[in-house]
Amino acid sequence: MHRPQNNSAADFEALLARAAGQIAAEQAAEVRKKYEAAPGPEYSQAFLASIEEIGRDAERQKRLLFWNRVAKRAAMILIVVITALTAALSVKGVRAQLYEYFVTHNDEYTQVQVTAADEKVRGRMISEGDYHYEPSFVPRGFVLRERKEEYDFFYHLEYVDEKAYAEFEQRRQALIEKWGTEDAIPEEERIYYNGPFLMFEEQRSVEGVVAFDTEDAVYKELELDGSPAYLTLKNGRATLIWDNGDRAFMLFGHLTEEEILKMARSVARVED
Amino acid sequence: MLPIMVFDTPEQKSKFEEAYLKYNKMGFYYAREILHDDALAEDALHDAFLSLARNLDKIGEIDCNKSFNYFVTIVKNTAISALRKHKRAQVVEIDDEDTLFQLEDSAPGPEETVLRQDSYEALLAAIRTLKPEYQAPLLLKYANGYTEAEIAKALGMTVSNVSVRIHRAKQKLIPMLREKGGAGFAQTTE
């Protein structure tokens, strides 16, 4: 097939850079034109306090190893996403159907890197379609609190202990009544739900690194749905990652080994 | 009154203060234009400044257009995200607006497509029609020259998400360019 002389990926990239620059500049110019001469807004005290907090928070955040979904539960962190390897004691690769798992054991944690087995699709969507997976078994006492789908990449379910959450909600409502709005509650009086919880997550574009805190923990490598599965148990909490040949999953929370495996085995496809 | 902030170095503090003084008003009104709510606009503005604070070393002079372009892109992205979150109750519903654009043909990657100079206007029009969640990472990469890791940090996403979104944004652009550009495009094949 004839290849025209003026083609190249580089041409496209250069044109894209020029066009993107123009669009970004246009959007900013429009904002400036509309609002540069506008009067200054009257900000709430809560907003001004939050800006002040940014300065104190900025450097702290740079030093934290966190995974954005779990960071809000700092007291319960079992799983940390890290982007750089530290000195490893041993490395083992296990090839599964759609996913590859690279396990690195360190003194205090075990890192499992989950990636697409086919190099050509790494970094891209692995599984598409108008369906998701969810567990049909949920341990007694837990209720679904949040269902979230982040565009195409994650399907996320969060369960809480019904009784503990009801108590938390009562205290939170009392604070809102006291201060008028949730934003008006001063930081030192804010409360967060710290009761028992479970999280189920389905990933459709898997390039994740999960680190299990294995210091004084039980760590097991199993098989689930024909794929490797990685389980850790510590302080009454369990974490499990595995795939079913279509998508990859993670379960973690206040579960026993028996409960987490039962919940994992109950995961089934649900049409959207 | 400028809130007191604490940074590691006086230069960082000064830079953030300058950004706050120069950008806060425009950022607030822009966010409010999207969100139609003062409190939500404040939240989005806070998130945008938080992102800026975490990426101060990547931003040039506050006075320059490129830095302001970056800030506007971030505000737009945080405001749109807040709008989506606010619209949804406990159960997420995927309505038609949120359904991803499905390519009708199996378009090859951009690297395999021929592009001629007269396609520039078509490309501009195509980028403008991208949904914000695809446009924002694309603009940060190609307009601001950020790496995918830097974009992930700025937008609060994972690097793989950024990578996939940029790839998909480019995949969406090609069929749009064919539609708008007509004979201006050709496709290479082996």
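Details of the structure are given in the entry above.
What this report covers is the structure whose coordinates are included nearby. Since this is a predicted model, take the numbers as computed values, not measurements. (Residues numbered from 1 in each chain as written. Chains lettered and ligands numbered in written order. Predicted model: local features only at pLDDT ≥ 70, side-chain atom pairs only at ≥ 80, totals over all residues. Heavy atoms only, no water.)

### Describing the nonpolar core
Then comes step 1: Membership of the largest hydrophobic core comes to 71 residues, with the highest contact counts inside it found for F49, F71, I127 and L138 of chain B.
Then comes step 2: Examining the composition of this core, we find that eleven residues originate from one element, helix α1 (residues 10–35) of chain B, more than from any other.
Then comes step 3: Each of domain 1 (7–92) and domain 2 (105–182) of chain B contributes no fewer than three residues to this core.
Then comes step 4: If you look at the next biggest cluster of nonpolar residues, it comprises 23 residues, including Y155, L231, A238 and L240 of chain A. (Core = buried A, V, L, I, M, F, W, Y, C linked by side-chain atoms within 4.5 Å. Buried < 20%, exposed > 50% of the residue type's maximum accessible area, 1.4 Å probe, protein only. Helix = DSSP H or I, 4+ residues; strand = E, 2+ residues; numbered from the N terminus. Domains from an automatic or database assignment.)

### Here we look at the pattern of salt bridges
Then comes step 1: This structure, assessed with the given rule, holds 18 salt bridges over all chains.
Then comes step 2: Linking E182 of chain A and R172 of chain A is a salt bridge whose minimum nitrogen-to-oxygen distance equals 2.7 Å. Of this pair, E182 of chain A sits in the loop between α3 (162–179) and β8 (197–203) while R172 of chain A sits in helix α3, and the two are ten residues apart along the sequence.
Then comes step 3: R172 of chain A sits in the buried class, given a relative accessible area of 18%.
Then comes step 4: For K13 of chain B, the salt bridge is made with E17 of chain B, and the minimal N-O distance between the two is 3.9 Å. Pair noted here: K13 of chain B and E17 of chain B are both in helix α1, with a separation of four residues, about one helical turn. (Salt bridge = Lys/Arg side-chain N within 4 Å of Asp/Glu carboxyl O.)

### Focus: the side chain of D246 of chain A
All names here are of chain A.
Then comes step 1: Summarising the element assignment, D246 is placed in the loop between β12 (237–243) and β13 (248–253).
Then comes step 2: Despite its burial, D246 remains without a salt bridge, the nearest opposite charge being carried by R247 at 4.2 Å.
Then comes step 3: Looking at D246, its side chain comes within polar contact range of the side chain of Y131, at 2.6 Å. (Lys, Arg positive; Asp, Glu negative; His and termini not counted. Polar contact = N/O pair within 3.5 Å; in protein donor to acceptor, adjacent residues only side chain to side chain.)

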